[in-house]
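As a plain string of letters, each chain reads:
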Amino acid sequence: MRVNSIIITGPLAVGKSTIALELSERIGWGNYPVDRLKWFYRFNNGYDLVAGTRVLKEHGFGALIDYASEFFGPTELKDIFSRFHGIIDLGATDTYCCSPKRYTELKQIFDALNNVFLLLPSKNSQKSENILAKRLKIRYENHPFKEMVLQSYLDKNMEFINSFSQYLLAKHIVYLEDKTIDEICSEIIEKVKFQTPIHAI
């Protein structure tokens, strides 16, 4: 595994991309959003965008996750960690496990990583669900077809928030409630184990 990476995980709409970008600015490392990088692997593995869109429209977000997992999984995620060095912003589904087999595969990968941060709005899971539900409703209220399956996003995000795998794969949990972006980034940087001193990077 490459050293000096910070891995950001968490449920939908928690602010992973915002925090990752701010960390990238502050530390001077590249920012690598896995939700964008994974499309290379998906298409290379035969993902059908039309079929995926149809699955989402007809069966909801959970069914789309099941379909997409055929084309991007632990093997591809491990390859990203080996290729990219910096602030790596994972998608909400990347640390979510619904099978012991997948968890075992992910654990083998994440055990080699020191700086894995799970972001959550609050220590109270119900409060986290409420906060993120409001954000998702705003995000998708005018989307041409995601609005029709909004409830499936809300239901799945509840699973992400409460998933055992999210907590077990992370090395640190950062609760965002009542903190500024600057305070959140400072908390993360204070907890990071740098292979090379930050002033020398």
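As shown above, the structure is provided for reference.
Nothing here was measured: the structure is a model prediction, and the numbers come from that model.

1. With respect to the layout of surface pockets
In this structure, the largest pocket encloses a volume near 1000 Å³. Taken together, 43 residues form the lining of the largest pocket, with L12, D35, K38, R42 and F61 sitting closest to its centre. Broken down by secondary-structure element, the contributors of at least two residues to the lining of the largest pocket are α1 (16-27), β2 (31-33), α2 (34-44), α3 (49-59), α4 (61-68), α7 (125-140) and α8 (150-162). Per-class residue counts for the lining of the largest pocket are 22 nonpolar, nine polar and twelve charged.

2. Things to note about unusual backbone geometry
One non-glycine residue with positive phi stands out, namely A13, at about 70°. Owing to a relative accessible area of 11%, A13 belongs among the buried residues under this scheme. The phi torsion at D178 lies on the positive side, around 65°, for a residue other than glycine. Checked against the element boundaries, D178 lands in the loop between β5 (172-175) and α10 (181-191). Overall, the relative accessible area of 75% leaves D178 in the exposed class.

3. Points about the pairing of β5
The side chains of a regular strand alternate, first on one face of the sheet and then on the other. Covered by surrounding structure in β5 are H172 and V174 only, the residues I173 and Y175 on the alternate face being uncovered. Both strand β4 (residues 116-120) and β5 contribute to a ladder of four bridges, which runs parallel. Across the sheet, the residue bridging to F117 is H172, located in β5.

4. Concerning the state of the cysteines
What the rule picks out here adds up to zero disulfides. In this model C97 remains outside any disulfide bridge; the closest cysteine sulfur is found in C98, 7.5 Å from its own. For C98, a relative accessible area of 64% gives the class exposed.

5. Focus on the side chain of N115
Among the structural elements, N115 can be located in the loop between α6 (100-110) and β4. Using a relative accessible area of 5% as the deciding quantity, one classes N115 as buried. Among the polar contacts made by the side chain of N115, one reaches the main-chain carbonyl oxygen of S5 at a distance of 3.3 Å. Apart from the residues lying within four places of it in its own chain, the contact partners of N115 are S5, I6, I7, K191, V192 and K193.

6. Concerning the environment of R139
Along the chain, R139 falls in helix α7. Residues R139 and L150, spaced eleven residues apart in sequence, show a C-alpha to C-alpha distance of 9.8 Å.

7. Here's the deal with the packing of aromatic side chains
A complete count under the given rule lists 15 aromatic pairs for this structure. Judged by centre distance (4.9 Å) and plane angle (45°), the ring pair of Y32 and F84 falls under tilted. Taken together, the residues Y32 in strand β2 and F84 in the loop between α5 (74-83) and β3 (87-89) connect sequence positions 52 residues apart. Its relative accessible area of 24% is what places Y32 among the partly exposed residues. For the pair Y140 and Y153, a centre-to-centre distance of 4.8 Å together with 50° between the ring planes defines the contact as tilted. Placement of the pair is Y140 in helix α7 and Y153 in helix α8, with a sequence separation of 13 residues. Each member of the pair, Y140 as well as Y153, carries the same accessibility label: buried.

What counts, and at which threshold
- Residues numbered from 1 in each chain as written.
- Predicted model: local features only at pLDDT ≥ 70, side-chain atom pairs only at ≥ 80, totals over all residues.
- Heavy atoms only, no water.
- 1 Å grid on protein atoms, 1.4 Å probe; cavity = no way out; pocket = protein on both sides within 12 Å on 5 of 7 lines; lining within 4 Å.
- Points joined across faces, edges and corners; volume = space filled by probe spheres on them.
- Helix = DSSP H or I, 4+ residues; strand = E, 2+ residues; numbered from the N terminus.
- Nonpolar A, V, L, I, M, F, W, Y, C, P; charged D, E, K, R; others polar.
- Buried < 20%, exposed > 50% of the residue type's maximum accessible area, 1.4 Å probe, protein only.
- Pairing = 2+ DSSP bridges.
- Disulfide = S-S within 2.5 Å.
- Polar contact = N/O pair within 3.5 Å; in protein donor to acceptor, adjacent residues only side chain to side chain.
- Contact = heavy atoms within 4.5 Å.
- Phe/Tyr/Trp six-rings, centres within 6.5 Å; stacked < 30°, edge-to-face > 60°.

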